[in-house]
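Here is how the chains run, residue by residue.
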Amino acid sequence: MRDVTLAIAGSGGDGVITAGDFIVQAAARKGLNAFMLKSYGPQIRGGESSARIRISDRPIYSQGDFVDFLVVFSWKDFARFSDEIKLRKGAVVLYDEADSTPPEEFPIAAELGAELIAVPFKKMAAEEIKVPLTKNMVALGVIAALLHLPLDGIKDAVMKKFGKRKPEAAQVNIEAIDLGKGWVEKNLPDGTQIVLEAEGTGEPKLVMTGDDAVAYGALHAGVKVFAGYPITPASPILEFLSKWLPHFGGAVVQTEDEIAAITYAIGASWAGKQAMTASSGPGVALKLEALGLAAIAEIPLVVVNVQRVGPSTGIPSKSEQADLFQAVGGTPGDVPRVVLAPSDVEDNFQVAIEAFYIAEKYQIPVVILSDQFLGERSETIDPDVLFARKRVIARQLAKPSDLKEYKRYKLTDTGVSPMTVPGMKGGQYITSGLEHYEDGRPTSSGTMHQIMSEKRARKLPLIAEESGFVRVYGDEDAELAVLAWGSSKGAVREAVERARAEGIKVKAIVPQLIYPVPEKKLDAALKGVKRAVVVELSFGAQFYRFLRAYYDGLPKETYSYARSGANPLLVSEVLEAIKEHAGAMNAPQEA
Amino acid sequence: MEPVKLTAKDYKTSVPIVWCPGCGDFGVLNAMQQAAAELAIPPENLMVVSGIGCSSRIAGYVNAFGFNTIHGRALPIASGAKLARPEMTVWAAGGDGDGYSIGTNHFVHTIRRNADITYIVMDNNIYGLTKGQVSPTTPHGDYTKSTPLGNPDRPLNPLALALELGATYIAQGFSGNVKHLRDLIVKGTQHKGFAFINVKSPCVTFRGRQEFNVVREHGVYLDESHDPSSWEKAHEVTQWKEKIPLGVIYHVHGVPTLDEIARDLQHKAEEQGHVETSKDLLEIFG
Ligand SMILES: Cc1ncc(C[n+]2csc(CCOP(=O)(O)OP(=O)(O)O)c2C)c(N)n1
Ligand code: SF4
Ligand SMILES: [Mg+2]
């Protein structure tokens, strides 16, 4: 097989995620594509966890619907992932013989005809390595040998992780890997029915999570102050920047709450430095009043929302696309703002750069709508593509001529007025959350409010024109289109390719800029489309309703495929939706 | 060339003042303008951040980079500004509701981080802007619009709270004594760290003119007999029941500030390894 999906399930202490990380890194070193999704139960420590890894020499867009190769340390833990880990017919399943579950009680359907293999993972680690914790490394050796994963790459990754700081640990882990490999040579000399036949390009790739990518993108864009409050699944952004921003003369504050986080960022940006905050839905809810302040005071600001399942605490560790309404409209007043949606890990990096570009150029708050599915997954990416986009700009400062009778909110054609920062003589002004005249003095005049509302809104069509391309995949001239946003892109793109392979003409349309709606680009993408299906993970079909409300160019026949999140969008369900609509379009019309 | 001498007038703005005639906040504004002149801070190097309330309007009345923000959030905005531009002078200002009710969380943590800003609270024991509801410093039993049966809550003691939290400069002023208040602001601004100044600044409209007399009668100016470097002495003063302490209650030096700590972390990071450009970070993803 050139495209294998494997999963490892166990308890927190089993080192499932570590093993998964090593596999992905090994694949990256060989120039293979890999994609890893981590999943945890609700326990803080020691609960069940799973790593699901897809490896291929072809581009990978999704997590893969079905698992070809499964490693189970504990059947009980695996059973908790039965929603997410669906086995392919004829899958290979390795399980620890130490688990006492009798075979007739294994939680997998008999009709799958899985190839079941008991392996003494725990025993080998305990008796031969004498370090029971190396069980995951023994498994890694077994997996690598059976799947034909690059063993040297795995060892390299282990050395990189432990080599310098803990050379003994590196040695022990490598012994454990070799032990696993040796076990396969002795006990399964003919291997199993599933083998990865993909050859890497040999050009090493990078491995990045979406959260790290957005933080790294912000760093590249010149962020100098970041403030945040921990929340799953956005905390890695805070952690990444805490580690790296000080290297770039910046500062990170873990504030007392999310309101302080966004207001620190607003203060820093008002003072002249690029600033960002990040959270997830519940934290962003707390930030919304301040988002309005940034909008009326026209202060550049970037806010990241790594969406999780809501409402309220919902399912904190899982993904959903149901904060769209919050991002677009969840603030008192008419708040001009920009909403950008990254669609994969690399895009998280690019969107962060774009967000700062728009925020600084247009003096407007920009919301990046990522989600858990994007934020916490790891993907291999091409180092060359990262820095291709050259959109890094500094604060756009007022010119000396603007400072004569300086008007911070001067009415202009673009809605963008000259901005000063402290230290610029004659540049001082009053700003506030109050409606104001051009010089910033507060007013309660309705006429001024109308004028200023128009001024602020003038930026939006310019942003729609300049930024946020609309991605189109598939048949240019298709009459059937799937509209999706954010992390749904992966499954939708793959489903469109599969449908086309089956002879259906279809395309996927995925805007990067959600608000303001890039109308012209959407019009172009939808040209000739007779029927559209809006696919999303929001029970309330927020994207469908958003498009209906904000965009006039949808085909008359536009349908919604929406369900609640938590379980990732499957290629197969999107494919089914495509087939259903393609069928309906081709059905003879009633007279 | 002789530096141009700045006077309080240089810190006036053209923003019309909306306060009621006789409002205590006028005295605070005068003191701030005089302090700025005395410190000779160029207006473009001064940032004045406030929350929301009658008192918070003050940000518009001082010639500076002024920011009249949202209710309760003056301190984190001021902190973010100071962090971004440590070379600027940052003042935060607001009311008792703004600072001790909706903004308490930030009050606590700004003290903890010792952000190098001067925070002037115009404590009028009432919500002025919203027209006369009880505030966290309204005395127990007082009648206000939202306590028609008498205030059921006991008031909060901001001086004691700040001391307990480890504030490094704690003072109390009176808007009826502008010179004294000006000096407190000058000292607070010169202090490296969080300088907290609670100002008795009566709301004549909702608490009455006699509030000025209350401070005049019960106010006690701290003299040399008070040692502001002594926590115990300061504690004693914050616990006064009838008398109202006026002056510097507590003042200690040498506690690292928010922006100093940020710079320390930058040096620490540099010691761990120099990173020239963001592209150099690519290797951590290899
Ligand atoms: C989030 C929010 N809640 C409530 C208000 C209404 N509000 C404005 S000022 C204020 C209290 C003002 O009291 P204080 O801070 O003591 O200032 P003063 O007017 O007395 O100077 C309140 C409750 C608001 N503007 N924003
Ligand atoms: S209501 Fe009170 S606090 Fe507000 S301006 Fe009038 S006197 Fe001053
Ligand atoms: Mg008040």
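Here the structure is shown first, and the text comes after it.
Since the model is a prediction, treat every value here as computed from it, not as a measurement.

Summing up its helical and strand segments, chain A has 20 helices and 21 strands in all. Expressed along its principal axes, the backbone C-alpha trace of chain A runs to roughly 85 × 75 × 40 Å. Counting every position in chain A, which comprises 591 residues, the buried fraction comes to 63%. Here the analysis covers contacts within chain A between residues at least 6 apart in sequence; of these, 75% occur between residues at least 24 apart. Of the roughly 22,300 Å² that chain A leaves accessible, carbon and sulfur atoms contribute 51%. Averaged over its 67 positive side-chain charges, chain A has a centre that lies 5 Å from the centre of its 75 negative ones.

Residues and elements named next belong to chain A. For the pair helix H7 (residues 210-221) and helix H12 (residues 345-362), the least separation of the axes is 7 Å and the interaxial angle reads 35 degrees. Seen from above, H7 lies across H12 with right-handed handedness. Mapping the contact onto sequence places Gly210, Asp211, Ala213, Val214, Tyr216, Gly217, Ala218, His220 and Ala221 in H7 and Val345, Asn348, Phe349, Ala352, Ile353 and Phe356 in H12. In the contact of H7 with H12, the residues fall into ten nonpolar, four polar and one charged.

A separate point is the packing of helix H9 (residues 258-270) of chain A against helix H10 (residues 281-297) of chain A. All names here are of chain A. Packing of H9 against H10 brings their axes to within 8 Å, and their N-to-C directions diverge by 30 degrees. The orientation of H9 relative to H10 falls into the category roughly parallel. Viewed along their axes, H9 and H10 form a crossing whose handedness is right-handed. On the side of H9, the interface is formed by Glu258, Ile259, Ala261, Ile262, Thr263 and Ile266, while H10 contributes Gly283, Leu286, Lys287, Ala290, Leu291, Leu293 and Ala294.

In this section: the sheet that holds strand S11 (residues 301-307) of chain A. Residue and element names in this part refer to chain A. Reading across the sheet, the seven strands line up as S9-S8-S10-S11-S13-S12-S19 and stay open at both edges, with mixed pairing between neighbours. Each having just a single partner strand, strand S9 (251-254) and strand S19 (513-515) make up the two edges of the open sheet. Each strand axis lies, on average, 20 degrees off the axis of its neighbour in the sheet, ignoring direction. Contacts from H10 reach strand S10 (275-279), S11 and strand S13 (365-371) within the one sheet, and its direction differs from that of S11 by about 160 degrees.

A word on the nonpolar core. Of all hydrophobic cores here, the largest spans 150 residues; its most connected members are A:Tyr216, A:Ile237, A:Ile266, A:Met276 and B:Phe196. Counting residues per element, this core draws most heavily on H12(A), which supplies eleven residues. Excluding its chain neighbours within four sequence positions, the residues that come into contact with A:Ile237 are A:Asp211, A:Val214, A:Ala215, A:Phe226, A:Met276, A:Ala278, A:Val304 and A:Val306. The next biggest cluster of nonpolar side chains, apart from the first, holds 56 residues, and it includes A:Ala19, A:Ile23, A:Val184 and A:Val207.

Under the defined criterion, the tally for this structure stands at 29 aromatic pairs over all chains. Between the aromatic rings of A:Phe240 and B:Phe285, the centroid separation amounts to 6.2 Å while the plane-to-plane angle is 15 degrees, which identifies the pairing as stacked. Of this pair, A:Phe240 sits in helix H8 (residues 235-244) while B:Phe285 sits in the segment after helix H9 (258-272), each in a different chain. As far as burial versus exposure is concerned, A:Phe240 and B:Phe285 are alike and both buried. Taken together, A:Tyr216, A:Phe240, A:Phe349, A:Phe387 and B:Phe285 form an aromatic cluster joined through their ring pairs. Seen from the ring of A:Trp244, A:Lys243 lies directly overhead, with NZ or CZ sitting 5.0 Å from the centre. The ring of A:Phe373 has A:Arg377 lying over it, and the distance from NZ or CZ to the ring centre is 4.8 Å.

Turning our eyes to something else, we now look at a negative patch on the surface. A surface patch of negative charge is lined by B:Glu270, B:Glu271, B:Glu276, B:Asp280 and B:Glu283. Judged by its relative accessible area of 38%, B:Asp280 falls in the partly exposed class.

So, on to the site of ligand 2. Around ligand 2 lies a shell formed by B:Trp19, B:Cys20, B:Cys23, B:Cys54, B:Asn124, B:Cys203, B:Val204, B:Thr205 and B:Phe206. Of the residues contributing to the shell around ligand 2, the split by class is seven nonpolar, two polar and no charged.

Let us now look at the site of ligand 1. Every one of the 17 residues lining ligand 1 counts as a neighbour, but B:Cys54, B:Ser55, B:Asp96, B:Gly97 and B:Asp98 are closest to it. Chains contributing residues near ligand 1 are chains A and B. Within the side chain of B:Ser55, one N or O atom sits 2.7 Å away from an oxygen atom of ligand 1. Contact distances for ligand 1 include 2.9 Å between an oxygen atom and a backbone N or O atom of B:Leu129. Across the complex, the protein chains shield 77% of the 590 Å² of accessible surface that ligand 1 would expose by itself. Ranked by residue count, the leading element in the shell around ligand 1 is helix H3 (residues 96-102) of chain B, at four residues.

Facing the 56 residues of chain A at the interface are 53 residues of chain B. Of the roughly 4,600 Å² buried at the junction of chain A and chain B (both faces included), carbon and sulfur atoms supply 67%. Here chain A and chain B share one salt bridge between them. Where A:Glu256 meets B:Arg113, a salt bridge forms, and the shortest distance between an N and an O atom there is 2.8 Å. The interface formed by chain A and chain B contains 24 residue pairs in polar contact (both at pLDDT 80 or more). Elements with a contribution of two residues or more to the side of chain A that touches chain B: strand S7 (206-209), H7, H8, S9, H9, H10 and strand S15 (430-432) of chain A.

Attention now goes to unusual backbone geometry. Residue and element names in this part refer to chain A. A cis geometry characterises the amide bond from Thr232 onward to Pro233, with omega recorded as 0 degrees. Turning to its location among the elements, Pro233 is positioned in the loop between strand S8 (225-228) and H8. With phi around 70 degrees, Lys130 is a residue other than glycine that occupies positive phi space. By the secondary structure assignment, Lys130 is in the loop between helix H3 (121-129) and helix H4 (135-147). Among the residues examined, Lys130 registers a relative accessible area of 61% and is labelled exposed.

This part is about the pattern of salt bridges. Residues and elements named next belong to chain A. Considering all chains together, one arrives at 38 salt bridges over all chains under this definition. In this structure, Lys181 and Glu185 form a salt bridge, with 3.4 Å as the shortest nitrogen-oxygen distance. With a gap of four residues between them, Lys181 and Glu185 both fall in helix H6 (residues 167-187), about one helical turn apart. Residue Asp347 is joined to Arg471 by a salt bridge in which the shortest nitrogen-to-oxygen separation is 2.9 Å. Of the two residues, Asp347 is situated in helix H12 and Arg471 in strand S16 (residues 470-474); the sequence distance between them amounts to 124 residues. The exposure classification of Asp347 matches that of Arg471, with both residues buried. Within the structure, one salt-bridge network assembled from shared partners comprises Glu354, Lys361, Arg391 and Glu466.

Each value, and the rule that gives it
- Residues numbered from 1 in each chain as written.
- Chains lettered and ligands numbered in written order.
- Predicted model: local features only at pLDDT ≥ 70, side-chain atom pairs only at ≥ 80, totals over all residues.
- Heavy atoms only, no water.
- Helix = DSSP H or I, 4+ residues; strand = E, 2+ residues; numbered from the N terminus.
- Buried < 20%, exposed > 50% of the residue type's maximum accessible area, 1.4 Å probe, protein only.
- Contact = heavy atoms within 4.5 Å.
- Areas by Shrake-Rupley, 256 points an atom, 1.4 Å probe, with all protein chains shown as cover.
- Lys, Arg positive; Asp, Glu negative; His and termini not counted.
- Charge placed at Lys NZ, Arg CZ, Asp CG, Glu CD.
- Axes fitted to C-alpha atoms, helices over the stretch in contact; angles between N-to-C directions.
- Left-handed = near helix turned anticlockwise from the far one by under 90°.
- Nonpolar A, V, L, I, M, F, W, Y, C, P; charged D, E, K, R; others polar.
- Parallel < 35°, antiparallel > 145°, perpendicular 65-115°, else oblique.
- Pairing = 2+ DSSP bridges.
- Core = buried A, V, L, I, M, F, W, Y, C linked by side-chain atoms within 4.5 Å.
- Phe/Tyr/Trp six-rings, centres within 6.5 Å; stacked < 30°, edge-to-face > 60°.
- Lys NZ or Arg CZ within 6 Å of the ring centre and 35° of its normal.
- Patch = residues over 30% accessible without salt bridge, like charges linked within 9 Å, V, L, I, M, F, W, Y side chains within 5 Å.
- Salt bridge = Lys/Arg side-chain N within 4 Å of Asp/Glu carboxyl O.
- Near = heavy atom within 4 Å.
- Polar contact = N/O pair within 3.5 Å; in protein donor to acceptor, adjacent residues only side chain to side chain.
- Buried area = accessible area lost by both parts, 1.4 Å probe.

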